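Each chain, letter by letter, is given below.
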Amino acid sequence: MSRSAHPAGPRHADVLPEGHYAGPPADLNSLDPRVWSRTVRRNADGVVTVGGLDVTALAEEFGTPAYFLDEDDFRARCRAWKDAFGAEADVFYAGKAFLSRAIVRWLNEEGLHLDVCSGGELATALDAGMPAERIALHGNNKSTEEITRAVEAGVGRIVLDSFQEIVRVAHIAERLGRRQRVQIRVTVGVEAHTHEFIATAHEDQKFGIALAGGQAAEAVRRALKLDGLELIGIHSHIGSQIFDMAGFEVSARRVVQLLTEVRDEHGVELPEIDLGGGLGIAYTSDDDPREPHEIAAALGDIVRRECAAAGLAVPRLSVEPGRAIVGPTAFTLYEVGTVKELEGLRTYVSVDGGMSDNIRTALYDAEYSVALVSRTSDAEPMLSRVVGKHCESGDIVVRDAFLPADVAPGDLLAVPATGAYCRSMASNYNHSLRPPVVAVRDGVARVIVRRETEEDLLRLDVG
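Residues numbered from 1 in each chain as written. Predicted model: local features only at pLDDT ≥ 70, side-chain atom pairs only at ≥ 80, totals over all residues. Heavy atoms only, no water.

Draft legend 1. Representation of unusual backbone geometry. Note the cis peptide between threonine 64 and proline 65, where omega equals -10 degrees. Considering the arrangement of structural elements, one finds proline 65 in the loop between helix H1 (55-62) and strand E4 (66-70). Notably, asparagine 430 is not glycine yet its phi reads approximately 60 degrees, a positive angle. With respect to the element layout, asparagine 430 can be found in the loop between strand E19 (412-416) and strand E20 (437-441). For asparagine 430, a relative accessible area of 39% corresponds to the partly exposed category. (Helix = DSSP H or I, 4+ residues; strand = E, 2+ residues; numbered from the N terminus. Buried < 20%, exposed > 50% of the residue type's maximum accessible area, 1.4 Å probe, protein only.)

Draft legend 2. View of the nonpolar core. Among the nonpolar cores identified, the biggest contains 108 residues, and Phe74, Phe85, Tyr93, Ile158, Ile184 and Leu299 are the most heavily contacted of them. Judged by nonpolar contacts, the second largest core, of 23 residues, contains Val47, Val50, Val55 and Leu333. (Core = buried A, V, L, I, M, F, W, Y, C linked by side-chain atoms within 4.5 Å.)

Draft legend 3. Main features of the packing of aromatic side chains. Tallied over the entire structure, the rule returns seven aromatic pairs. For the ring pair tryptophan 81 and phenylalanine 85, a centre distance of 6.0 Å and an interplane angle of 5 degrees mean the geometry is stacked. With tryptophan 81 and phenylalanine 85 both in helix H2 (residues 71-85), this residue pair falls four residues apart, about one helical turn. One exposure class covers both tryptophan 81 and phenylalanine 85, and it is buried. The rings of Trp36, Phe62, Phe68 and Phe331 are connected pair by pair, giving a single aromatic cluster. (Phe/Tyr/Trp six-rings, centres within 6.5 Å; stacked < 30°, edge-to-face > 60°.)

Draft legend 4. Structural context of the pattern of salt bridges. Within the structure shown, the criterion is met by 33 salt bridges. The closest approach of N and O atoms between glutamate 71 and arginine 446, which form a salt bridge, is 3.8 Å. Of this pair, glutamate 71 sits in helix H2 while arginine 446 sits in strand E21 (residues 444-449), placing them 375 residues apart in sequence. Since its relative accessible area comes to 6%, glutamate 71 is described here as buried. With its nearest N and O atoms 3.1 Å apart, the salt bridge here joins aspartate 264 to arginine 263. With relative accessibility at 56%, the residue aspartate 264 sits in the exposed group. Taken together, the shared-partner salt bridges connect Glu71, Asp72, Arg75, Arg79, Glu109, Glu110, Arg441 and Arg446 into one network. (Salt bridge = Lys/Arg side-chain N within 4 Å of Asp/Glu carboxyl O.)

Draft legend 5. Geometry of the pairing of strand E6 (residues 113-116). Across the two faces of E6 the burial is the same, with His113 and Asp115 and Leu114 and Val116 all buried. The sheet contact formed by strand E5 (residues 89-94) and E6 spans three bridges and is parallel. Looking across to E6, one finds that phenylalanine 92 is bridged to histidine 113. On the question of chirality, the crossover connecting E5 to the parallel E6 by way of helix H3 (residues 101-110) is right-handed. As defined by bridge partners, E6 adjoins strand E7 (residues 135-137) across three bridges and the pair is classed as parallel. When the bridges of E7 are listed, valine 116 appears paired with leucine 137. Chirality of the crossover, the property in question, places the unit of E6, helix H4 (residues 119-127) and E7 among those that are right-handed. (Pairing = 2+ DSSP bridges. Right-handed = clockwise from strand over helix to strand, strands pointing away.)

Draft legend 6. Region of the structure containing the environment of threonine 148. Considering the arrangement of structural elements, one finds threonine 148 in helix H5 (residues 144-153). A C-alpha to C-alpha distance of 13 Å links threonine 148 and alanine 132, two positions 16 residues apart in sequence. In this structure threonine 148 touches Ile172, Arg175 and Leu176, once residues within four positions along its chain are discounted. (Contact = heavy atoms within 4.5 Å.)

Draft legend 7. Highlighting the packing of H4 against H5. At their nearest, the axes of H4 and H5 sit 10 Å apart, and the two run at 25 degrees to each other. In terms of orientation, H4 lies roughly parallel with respect to H5. As H4 packs across H5, the resulting crossing turns out to be left-handed. Residues Gly119, Leu122, Ala123 and Leu126 of H4 form the contact with H5, whose participating residues are Glu146, Arg149, Ala150 and Ala153. (Axes fitted to C-alpha atoms, helices over the stretch in contact; angles between N-to-C directions. Parallel < 35°, antiparallel > 145°, perpendicular 65-115°, else oblique. Left-handed = near helix turned anticlockwise from the far one by under 90°.)

Draft legend 8. Expanded view of the sheet that holds strand E2 (residues 48-50). Across the sheet, three strands lie side by side as E1-E2-E3; this open sheet has antiparallel pairing. Both edges of this open sheet fall to strand E1 (41-42) and strand E3 (53-54), since each of them pairs with a single strand only. Sheet topology places E1 next to E2; two bridges connect them, and they run antiparallel. Among the inter-strand pairings, arginine 41 is bridged to a residue of E2, identified as threonine 49.

From the geometry alone we can't say anything about function, so treat these as descriptive.
What follows is the structure, encoded as structure tokens:
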């Protein structure tokens, strides 16, 4: 059952040694379907297509760098998660992975719920028509304004992250004459096997209220006493980019134990638990993520088993896939600008984007794949490092990759699995302009987030 975790960066920021990479693939022109979105192909001319459109035409129309999102793939993944968990569970898309008004509309049409963690994400969700009762508000330090807007809108749940927030939400709800549905986020002491920056369930980090020392039990006591709150359940999230279900098993066991303690002390069986998200995707051919139906079966079995042992009714389960839905659906398209060979080491291939459109490699050594997509090549494989154009030596897009030795300026490269966190975490470093997001489907491409312009950049600079 257990699978090793993919290090979204090496665990606790240890740097992988030089030469850790595998050898070149047998065919540099092949596209691993585990890594690329579902409609990506090479056409008869060797040019990569997505949604029936070739990347050279897309680059000409929309420029580079740009994110191209496969709408059919996104919708199919929404349906797969919803179908896997069925009517007895709720699937909340984690908007922090990537959110736009088009994404909200697709989620609504596919019947998913939406998890937001800021006022901006909440505004986007409401503006695009997501029913408020299908929205959850997260965050470790929600402002009074964010909480007020969420309560006024009637969001389906607010996830409480501290003792102060319990009182803050209750006070705002009472002032507005509401009784707000809430969950309490607990840290269960699970050491998820992932990079320390995205492990979220051990005690020494900013999220949640610890089970250790009885803090979570005390949070429940306080929430149950406040008229402005309707405590509906417990929330736990153990990290991100996780392949191993063992951590979820430990988390579920400890959450159910807390539910048992709540029942025994207060005579209340809380009706819901949320086990969060964090399930991994394939960034490289070495990654082996689970399918939604496997995840649903495993989590369902864990919860049912633990509840049966505790004599509890099985609560309604929620999960929060974000990366697992949007991550594989998009790739970033770049144009090669320079090629610099370092004899005896590697060749540096510089593209027209970089850490401003994908900070994850610099942030925690995330690993990606890359392919030459504007043509095929029979040249020998060349150990390469794909780097950006920014004034940082750490401006690396793909640390170790094999590209054809004839890669040249003007070629197009694509990095798959960039749908999650890349545009969300994009910046204007070096006053770069953030790329557009272009949705493709059935031979039609349309911008859903436009490219920034210099006018956009200067408009905020009041001089």
